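Breakdown of the fold
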Amino acid sequence: MANSPFDLGNESGYRAWRNARLAAYPRRIDELVVSLDDPRHLTADEADTLEACCARANMAIYSASHLPAADKSIPHRLAQQLGLSRLEGNYLADEDGLSSITPASDEGGSVRGDFIPYTHKPINWHTDGYYNALDHRILGMTLHCAQDAESGGENALLDHEIAYIQLRDASPDYVAALMQPDAMTIPARMDEDNVARPEQSGPVFAVDPDAGFLYMRYTARTRSIVWKNDAVTQAAVKTLADILASSEYVLTARLSPGMGLICNNVLHTRSAFSDSPGHRRLLYRGRYYDRLNFPARPQ
C-alpha cells in the first residue's frame, strides 16, 4: 500500500485523493443516468460516458426504456462489455446466473421467501455478498429493472469510497478497526442438512494488494452478525451507521423498466414496496467476482 491514499500513514496522499473524490462526486442521481441506444452493443461514446460516471461514483445508471425491459440479454451482454465475466451463480439464482428479484409469492417460490430480497420488505444498508469467503468476494454488481412496483422500491446508494472518507475524517482509528481481519463475523447459516454456509470473518474495508483498489463488505443488520468486541470497533460500527443514516452524499434512485445499475458493489438499500397486478416488481441482479473494467480506447 505504499503511496496509497488508503495507507493511514499517508496523510498528504489521502488528503489529495479525498479532496478530488468529494469535488467530483455527484450530488444528484440524474448526473449518473446514461441513455443507451442498445446496452447489448455499446458505442464508444456510451462506454466513455459510463466510465466517466463510474470514475466519479463507482456506479452509473443506464436507461434503455425503448427496448423490451424483460430481455435478460440486456444485463448479460452489457456486463460482458464492461469486464464483468465471472458471474456468481448462487443457489437461488436462475440457470443463467442472474437472480430474479421478485417477491416469492409472485413467482410461486417458497425457499426464496425465507430471504428478505424476495419479499416486499425494506433492506437496510449493505454490500452484496458480505457473507462470502474472501476468495469469492463480490466486486461488481448489476441490477436491471424488468418491471417496477406499483409504489416504493427505491434504492439509496452510496459509493463505499465516500463512506470510507467520512469515517476516516471522523477518526482514522475507526478505519483501522474496521480493517481488522476479524472486525465482522457472519455466523454459519444452517439448514436441514446442517451447515449451508460456514462462518465467515473478515474486514469491512480492505485494499486489494495487487491492484490497490478499496473494497467493502458490510451489512447494517443486527441479527446474524458479530462485531469484534472492543471499544474502538464498537464505536466505529456506530459511527459508520450514523454516517449512512445522514450522509449528504447518499443518492436515491427508483429504477423503471429498462433502467439498470452497474457498480463496483457500492453500498445500497431498498425501500419497502407494494405491487399490483400490472406492476409486480422484478429486477435481474448479477453478482460478479470482477470489478468494472472499461475497454481501452485508441488515443
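Structure shown above.
Let us look at the structure shown here. Along each chain, the written sequence defines residue order, and numbers are assigned to residues from 1. Owing to the predicted nature of the model, reporting of local features is limited to residues with pLDDT of at least 70; listing and counting of side-chain atom pairs is limited to 80 or more, with chain, interface and lining totals taken over all residues. To get the side-chain values, take all heavy atoms of the structure and skip hydrogens and water.

1. Digging into the overall build of the protein
Put simply, the rule is: A run of DSSP states H or I qualifies as a helix once it reaches four residues; a run of E qualifies as a strand once it reaches two. Both are numbered from the N-terminal end. Just to be clear, the radius of gyration here is over C-alpha atoms, and the globule rule we use is 2.2 Å times residues to the power 0.38. Working definition: with a 1.4 Å probe on protein chains only, accessible area under 20% of the residue-type maximum means buried, over 50% means exposed, and in between means partly exposed. Only heavy atoms matter for contacts: two residues are in contact if any of them lie within 4.5 Å across the pair. With residues, only the protein chains shown are counted as cover, and all accessible areas are computed by Shrake-Rupley using a 1.4 Å probe. Positive: Lys, Arg. Negative: Asp, Glu. His and the chain ends are not part of the count. The location of each charge is read from NZ of Lys, CZ of Arg, CG of Asp or CD of Glu.
Per the secondary structure count, the protein includes 7 helices and 19 strands. Relative to the globule expectation of 19 Å for 299 residues, the C-alpha radius of gyration of the protein, 19 Å, shows essentially globular dimensions. Counting only C-alpha atoms and orienting by the principal axes, one finds that the protein spans roughly 55 × 55 × 30 Å. The buried share of the protein, taken over its 299 residues, is 53%. Looking at the protein alone, contacts between residues at least 24 apart form 78% of all its contacts between residues at least 6 apart. If you sum the accessible surface of the protein, you get close to 13,600 Å²; carbon and sulfur atoms cover 50% of it. Separation between the mean location of the 29 positive side-chain charges and that of the 39 negative ones in the protein comes to 3 Å.

2. Observations regarding the pairing of strand β16 (residues 259-263)
The side chains of a regular strand alternate, residue by residue, between the two faces of the sheet. This is how the line gets drawn: The rule for pairing is simple: two strands pair if DSSP sees at least two bridges between them.
Among the 5 residues of β16, 5 are classified as buried, and the element is accordingly described as predominantly covered. Of the two faces of β16, both are covered, the one formed by Met259, Leu261 and Cys263 as well as the one formed by Gly260 and Ile262. With 5 bridges joining them, strand β2 (residues 59-63) and β16 adopt antiparallel strand pairing. Within β16, the position partnered with Ser63 by the bridge is Met259. Examined bridge by bridge, strand β5 (residues 140-147) and β16 share 4 bridges and lie antiparallel to one another. Residue pairing across strands places Met141 opposite Cys263, the latter belonging to β16.

3. Notes on the nonpolar core
What counts, and what does not: Working definition of a nonpolar core: buried Ala, Val, Leu, Ile, Met, Phe, Trp, Tyr and Cys residues. They are joined through side-chain atoms within 4.5 Å.
Counting residues in hydrophobic clusters, the biggest one holds 79 residues, and the most contacted among them are Met59, Leu158, Leu178, Tyr218 and Ile262. Excluding residues within four positions of it along the chain, Met59 makes contact with Tyr25, Leu32, Cys53, Cys54, Leu157, Leu158, Asp159, Leu251, Leu261, Ile262, Cys263 and Val266.

4. Structural notes on the sheet that holds strand β11 (residues 200-202)
The strand order across the open sheet formed by 3 strands is β11-β8-β14, and the pairing between neighbours is antiparallel. This sheet does not close on itself; its edge strands, each paired only once, are β11 and β14 (226-227). Both strand β8 (residues 184-186) and β11 contribute to a ladder of 3 bridges, which runs antiparallel. Across the sheet, the residue bridging to Met184 is Gly202, located in β11.

Nothing here speaks to function; it is all geometry.
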